[in-house]
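Take a look at the letters that make up each chain.
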Amino acid sequence: LGGRYVLKKINLEIDKGVYLLIGRNGSGKTTLLKTLAGLIREYEGSIEVMGREIREMKRREISSLIGYVWQNPYYGFIEPSVREEIMLIIKILRKKYYDEKILRTLVSEEIFSRDPLTLSGGEAKRVSLASVLIADQLIWLLDEPFDFLDLWGIKDLLKIIFMKRYEKTIIVSSVNTYLINLLNPDKVILLSDGEIKFFGEPESLDEDLLETNGVPPRRVICR
């Protein structure tokens with residue numbers, strides 16, 4: 001990007017399950033997710049989904065396989081109402097169905113007529129999540145999905161992730177290691193300065209490694 005490498009020596013093979021991508025601010029998490037989602041095309045090497053190079057796939061085809069939820073919930077809003085915003089992806093992908101359970105879990109029907117840009121942060125986050133996840137893609141890339149959510153929002157999102165964890169590949173990015181306990185991920189990916197410093201099971205993740213790479217460890221630091 002801009003003549004410099006943001007990501008370096010990335011080598012991952014990811015199957016179904018829940019993966020927590022952690023790293024300090026500016027570590028490259030969002031860039032990695034956008035690249036995996038096909039939103040960034042300038043990279044060396046290859047990214048294959050179901051045996052196909054992602055650069056060779058059309059945008060609609062990628063969107064039908066990979067759902068990417070932006071960190072800023074207001075970023076992608078373009079429709080005049082919540083209902084139209086949520087259903088836009090179904091229209092674009094020309095799908096005949098959508099996941100009603102996800103929609104009912106995340107979004108209250110009473111806000112369907114609202115302008116998305118008038119929503120509170122938590123409401124906007126719920127709509128942003130629903131507007132992607134109702135398409136029920138095989139892969140979900142969730143960039144800081146718990147930001148803005150209150151306790152009930154966190155519980156609702158966790159309910160959806162746990163419901164789908166054995167059906168999909170779900171990558172959740174965050175700087176917060178408390179999500180290790182909340183998500184119980186199959187694997188953790190620690191990213192620092194655009195490089196993978198750890199990829200493995202959560203119980204094998206060293207606390208000192210987290211602290212060295214600018215991520216608050218699970219233990220309390222008071223010094």
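Residues numbered from 1 in each chain as written. Predicted model: local features only at pLDDT ≥ 70, side-chain atom pairs only at ≥ 80, totals over all residues. Heavy atoms only, no water.

This paragraph deals with the nonpolar core. Across soluble globular proteins, nonpolar side chains show a tendency to be buried alongside one another. Counting 45 residues, the largest nonpolar core has Ile 86, Val 107, Phe 146, Ile 161 and Val 172 as its most contacted members. For this core, the element with the most residues is helix α5 (residues 121-133), which contributes six residues. In contact with Val 172, not counting residues within four places along its chain, are Tyr 19, Leu 20, Leu 21, Leu 142, Pro 145, Phe 146, Ile 161, Leu 179 and Leu 183. Residues Ile 47, Met 57, Ile 66 and Ile 189 belong to the second largest nonpolar core, which totals 20 residues. (Core = buried A, V, L, I, M, F, W, Y, C linked by side-chain atoms within 4.5 Å. Buried < 20%, exposed > 50% of the residue type's maximum accessible area, 1.4 Å probe, protein only. Helix = DSSP H or I, 4+ residues; strand = E, 2+ residues; numbered from the N terminus. Contact = heavy atoms within 4.5 Å.)

Glancing now at the side chain of Lys 164. Along the chain, Lys 164 turns up in helix α6 (residues 151-164). Judged by relative accessible area, Lys 164 falls into the buried class, the value being 7%. Within polar-contact distance, the side chain of Lys 164 engages the side chain of Asp 99 at 3.0 Å. Excluding its chain neighbours within four sequence positions, the residues that come into contact with Lys 164 are Asp 99, Ile 102, Asp 136, Trp 140 and Ile 170. (Polar contact = N/O pair within 3.5 Å; in protein donor to acceptor, adjacent residues only side chain to side chain.)

Spatially, β4-β5-β6-β1-β7-β8 is the arrangement adopted by the six strands of the open sheet, whose pairing is mixed. Looking along the sheet, the strands with just one partner apiece sit at the ends: β4 (66-69) and β8 (195-200). For this sheet the average axis-to-axis angle between neighbouring strands, irrespective of direction, equals 15°. Relative to strand β5 (residues 139-143), β4 runs parallel, the two being bridged by four bridges. Residue Ile 66 lies in a different strand from β5, and its bridge partner there is Ile 139. (Pairing = 2+ DSSP bridges. Axes fitted to C-alpha atoms, helices over the stretch in contact; angles between N-to-C directions.)

Turning next to α5. Its 13 residues give α5 an end-to-end C-alpha distance of 18 Å, which sits within 8% of 18 Å, the value for a rise of 1.5 Å per residue. The element α5 is extensively covered by neighbouring structure, given that 11 of its 13 residues are classed as buried. For α5, every residue scored as buried is listed here: Gly 121, Ala 124, Lys 125, Arg 126, Val 127, Ser 128, Leu 129, Ala 130, Ser 131, Val 132 and Leu 133. Where the residues of α5 are buried, they touch β4, α3 (82-93), α4 (100-106), β5 and α6. (Expected span 1.5 Å × (residues − 1).)

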